[in-house]
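Chain residues, written in single-letter form:
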There are 2 protein chains.
Amino acid sequence: MQNRDRRRAAIRELLLEAPVRNQEELLEKLERRGLGASQPVLSRDLRALNVAKLGGAYQIVEEERVTPLEQLKSLLRSVDPVSKFLLVSCEPGAASAVARALDSEELDGLVGTLAGDDTVLVAVKSTAAAQRVRRRIQELL
Amino acid sequence: MQNRDRRRAAIRELLLEAPVRNQEELLEKLERRGLGASQPVLSRDLRALNVAKLGGAYQIVEEERVTPLEQLKSLLRSVDPVSKFLLVSCEPGAASAVARALDSEELDGLVGTLAGDDTVLVAVKSTAAAQRVRRRIQELL
DNA sequence: GTCCGGATGGAATATTCATGCGGCTATTGA
DNA sequence: TCAATAGCCGCATGAATATTCCATCCGGAC
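Please read all numbers here as calculations on a predicted model, not as lab measurements. (Residues numbered from 1 in each chain as written. Chains lettered and ligands numbered in written order. Predicted model: local features only at pLDDT ≥ 70, side-chain atom pairs only at ≥ 80, totals over all residues. Heavy atoms only, no water.)

Draft legend 1. Examining the sheet that holds strand β4 (residues 85–90) of chain B more closely. Residues and elements named next belong to chain B. Read from one edge of the open sheet, 4 strands run β3-β4-β6-β5, paired in antiparallel fashion. Single-partner strands in this sheet number two, and they are β3 (76–82) and β5 (110–115). Each strand of the sheet is rotated relative to its neighbour by a mean of 20°, with strand direction disregarded. Relative to strand β6 (residues 119–124), β4 runs antiparallel, the two sharing 5 bridges. Paired with Val 88 across the two strands is Val 120, which belongs to β6. In the packing of helix α5 (residues 95–104) onto the sheet, contacts are made with β3, β4, β5 and β6, and the angle to β5 comes to roughly 165°. (Pairing = 2+ DSSP bridges. Helix = DSSP H or I, 4+ residues; strand = E, 2+ residues; numbered from the N terminus. Axes fitted to C-alpha atoms, helices over the stretch in contact; angles between N-to-C directions. Contact = heavy atoms within 4.5 Å.)

This is the structure in structure tokens:
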């Protein structure tokens, strides 16, 4: 049924037009448009539409997914290649978090990471890979 | 007490390091760091830190506050100055929402708005103000 | 037609979160 | 020193949301 998609489109619009505090409120607005539904349906729609409740109101989050590494960029300080390794310097204590984020990034040519306190040693397959990975990280600095 | 700020700083870090599904989970992580608290406190902290639950996990929303008007930009169609007025054309039915958003923008020189169905009449102090306001809106088109 | 199988949605329920309120502590100002 | 005030917190509880489980509705295969 395209019912669902009509409803979701309406939800998008409604969220843009005016702040919506909770699902019940959204429900009423939908009903006024002849698009009845139950609260569970809204819960699912909102997740599908990537809507977040921020402050007191729902808001569509347009952006592309921010990867863990991107989220951590404020903790990064520098990247230096050393043969088949990279030394990534971070804020004190942040190394393990950064290492985990780097791992999860699934960067091509990245073999593994080893975290100290404020430094991550990144092992890569080749010096060429080192360059690529380095560039990727540098973009965030 | 600076207890609260230490806790909030820790929350920031924790949210960056790994996804957190709910407040209870966050609570445990905080306790491991010796920063015990109760669930209500977290609820308040999360709002104060401008954290949203998106998909299944909490995520800090790095401000860049989107004003109501910016949210509505997809509903805007055109702006035309007419002496000390602007005629803003919108998607059908969107005028009142747009008018409200314009009001809340507190634009300098903007006197008031009057919404029809798909058009907002914006009254401004002077033709110079009209130019400024017009430019501001045009940026969004 | 009948029988899946997937997709959708609802009722009931479980879970998660927000808030009213009172208590405690620290601070201010007389 | 002693109110008075402000800030932070926790408990209890209710509000809001997520999830489980089931019914129903297609559309296709047979």
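So that's the structure; there's more coming.
Draft legend 2. Main features of the sheet that holds strand β5 (residues 110–115) of chain A. Residue and element names in this part refer to chain A. Taking strand neighbours across the sheet as the criterion, the 4 strands line up as β3-β4-β6-β5 in an open arrangement whose pairing is antiparallel. The sheet is open, and its two edges are formed by β3 (76–82) and β5, each paired on a single side. The average undirected angle you get between the axes of adjacent strands in this sheet is 20°. Across 5 bridges, β5 lies against strand β6 (residues 119–124) in antiparallel orientation. Within β6, the position partnered with Leu 114 by the bridge is Leu 121. Packing of helix α5 (residues 95–104) onto the sheet brings it into contact with β3, β4 (85–90), β5 and β6, and relative to β5 it is tilted by some 165°. On the sheet, helix α6 (residues 127–138) packs against β3, β4 and β6 and is oriented at approximately 170° with respect to β3.

Draft legend 3. Fine view of the environment of Lys 53 of chain A. As for its placement among the helices and strands, Lys 53 of chain A is situated in strand β1 (residues 51–54). Considered as a pair, Lys 53 of chain A and Lys 29 of chain A are 24 residues apart in the sequence and their alpha carbons are 17 Å apart. In this view, Lys 53 of chain A contacts Arg 21 and Tyr 58 of chain A together with Ala 52 and Lys 53 of chain B; residues no more than four positions away in its chain are not counted. Among the polar contacts listed, one links the side chain of Lys 53 of chain A to the backbone oxygen of Arg 21 of chain A, at a separation of 3.3 Å. (Polar contact = N/O pair within 3.5 Å; in protein donor to acceptor, adjacent residues only side chain to side chain.)

The values reported here are purely geometric and, on their own, carry no functional implication.
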